[in-house]
Amino acid sequence: MTQVIRALESIGDTVILAVRTFRYIGTIPRQFHRLVEQAFLIGYTTLPIVVILSFFIGSVLALQTGYSLKGFGAQDFIGAVVGLSMARELGPVMVSILLAGRVGSAVTAELASMQVYQEVDALRTMNIPPERILVLPRLVAILFMMPVLTIVGNVVGWLGGAVVAAYVPIVGSNWDAYFQSLRNTVQFRDVIDGLVKAEIFGFFVILVACFIGLNTRGGPREIGHSVTRSVVVSLILILVLDYFVTRALL
Amino acid sequence: MTCLTVTDESQIPSLSASEEAVGLAVKGLHKDFGEQTVLTDINLEIEPGEVFVIMGPSGSGKSVLLKHMIGLEYPTRGNVTIDGKPVTDPATLLEVKATLVFQAGALFNSMTVFDNLALYPTEHRIYDKKTIREKVMETLRILSLEDAVGKFPSELSGGMRKRVSIARALVMEPQLILYDEPTSELDPIMAATISEIIASLRNQAHITSVVVSHDRDLSMTIADRVALMLDGKIHLVDTPSNFQKSTDPQVTEFLNPKIDLANPRYKAMK
């Protein structure tokens, strides 16, 4: 029972953190350099791994579906399957999982170490709210970068599928049929739905990472525990939210 | 490392408070952490421009009291006010410039020394960039830290980190400075220098200072009044001269602990 109460308290405190943070939204023009720095850290440095991961997810998807559909002579539908899967589900979910592991963990580690070594207290004594300079630029940066990362992930995933469809003999399709099928099936709405999901997941990953980081007490071991907790909570949250957001968007 | 002695107070022209000094009052302060009581019925009146030193054994609650004085901890009962305004109200620290020099420095490790000092005036848009640069460089010069301007805190010695922490507080041009063990980990000359700076800030800029320290030399030389804290309670508040004359056994024991090899304290503690 105590753990349930503690979990509910944490959810409440996370919401309070978000509300407090967005009270300072008017300071974003003054903090433009921080926003650019966070956008660079979240976006640019994550991009290579998004590209690699998405390419191979698209490839494997094409390989699996192509191999199965070939038995029915339906390999021309590979583009539709890969296109829809990437746009509506795998693109946003995989980018968010990557974000939780790569960026969320780093954000928690940085804020937890600032908390443990009293840097956050020092900010408070200077009358500089930590929500304003530590949380807000990260949350706003993720809202800008998530669509970019997801679109890149989608496009690269589609290309990965196309390469497999065109050049792997056991799949037995071709470049034109793949893209024809993809174009006929994937609607603009599918891409937008995926981007909405990505925005929601990305926002919560960074919010959870900031919340856990700023509430760390203890020393180096507790910083490590916080990083682990941040990644685990984010992963669970992404999958739980995925169900409800998908349901809402259908 | 250049040694510094601030014997001539004209050396610190820029370290003046921008506004009048403030007084601080602690009334009926009581703090529990779970089952453990850390502070019991603390009552203090600190006058504007006073240097008030709080002494006491480790674990007596001095640093927790200091954190209450700047709103980093919330009391279980009682209150702390600065010029009559409750310190737990965020508006108070918008009106009054107060700062805390942390024992471990609490410098921003991902920023250079310059950025550590420039953060407050930049964030609060107190001066333009050029003036901030001048103020920061002047403060660093006074504390013999010019060479450290581009360094990260991890590249500094313990003493230098402490001085940067004090410099960061001074750049804020505060009305109230709280120091948590400002001379610990420093060599005797640097400890004397820090004591001189605290006294100079009172004499020249009329800044109110509350200092938590074990340093008897600092306490007896620069303090206007000294408090002794024992087990979370204020045991005695008096002027340094009366403090030294006190016949209270706990005060004399704290000020002049005798090393008794025949009857060591750790055996008595058992």
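Being a predicted model, the structure only gives us computed values, none of them experimental. (Residues numbered from 1 in each chain as written. Chains lettered and ligands numbered in written order. Predicted model: local features only at pLDDT ≥ 70, side-chain atom pairs only at ≥ 80, totals over all residues. Heavy atoms only, no water.)

Another point: the interface of chain B and chain A. Interfaces are frequently sized by the accessible area removed from exposure as the parts join. On the side of chain A, 16 residues touch chain B, which itself brings 23 residues to the contact. Of the roughly 1600 Å² buried at the junction of chain B and chain A (both faces included), carbon and sulfur atoms supply 56%. Between Glu123 of chain B and Arg34 of chain A there is a salt bridge, with its nearest N and O atoms 2.7 Å apart. Put simply, chain B and chain A have seven residue pairs in polar contact (both at pLDDT 80 or more) between them. At five residues, the largest contribution of residues to the side of chain B that touches chain A is made by helix α3 (residues 113–123) of chain B. (Contact = heavy atoms within 4.5 Å. Buried area = accessible area lost by both parts, 1.4 Å probe. Salt bridge = Lys/Arg side-chain N within 4 Å of Asp/Glu carboxyl O. Polar contact = N/O pair within 3.5 Å; in protein donor to acceptor, adjacent residues only side chain to side chain. Helix = DSSP H or I, 4+ residues; strand = E, 2+ residues; numbered from the N terminus.)

Attention now moves to the layout of surface pockets. What the largest pocket holds in volume is close to 1200 Å³. Lining the largest pocket are 36 residues, and of these Arg20, Arg124, Pro130 and Glu131 of chain A together with Tyr74 of chain B lie nearest its centre. Counting only elements with at least two residues in the lining of the largest pocket, the list comes to α1 (2–22), α4 (78–116), α5 (119–125), α6 (130–167) and α8 (188–214) of chain A together with α2 (90–95) of chain B. Split by residue class, the lining of the largest pocket holds 17 nonpolar, eight polar and eleven charged. Estimated volume of the second largest pocket: approximately 880 Å³. For the lining of the second largest pocket, the elements supplying multiple residues, two or more each, are α2 (32–44), α4, α5 and α6 of chain A together with α3 and α4 (129–142) of chain B. (1 Å grid on protein atoms, 1.4 Å probe; cavity = no way out; pocket = protein on both sides within 12 Å on 5 of 7 lines; lining within 4 Å. Points joined across faces, edges and corners; volume = space filled by probe spheres on them. Nonpolar A, V, L, I, M, F, W, Y, C, P; charged D, E, K, R; others polar.)

In this section: the domain arrangement of chain B. All names here are of chain B. Domains assigned within chain B are domain 1 (12–97 + 176–268) and domain 2 (109–172). Here the C-alpha centre of domain 2 lies 25 Å away from the C-alpha centre of domain 1. Between domain 1 and domain 2, the contact holds 14 residues from the first and twelve residues from the second. For the pair domain 1 and domain 2, the two sides together bury roughly 1300 Å², of which 74% comes from carbon and sulfur. Remark: the boundary between domain 1 and domain 2 carries zero salt bridges. Summed over the shared surface of domain 1 and domain 2, the number is two residue pairs in polar contact (both at pLDDT 80 or more). The element that contributes the greatest number of residues to the side of domain 1 that touches domain 2 is helix α6 (residues 188–205), accounting for four residues. (Domains from an automatic or database assignment.)

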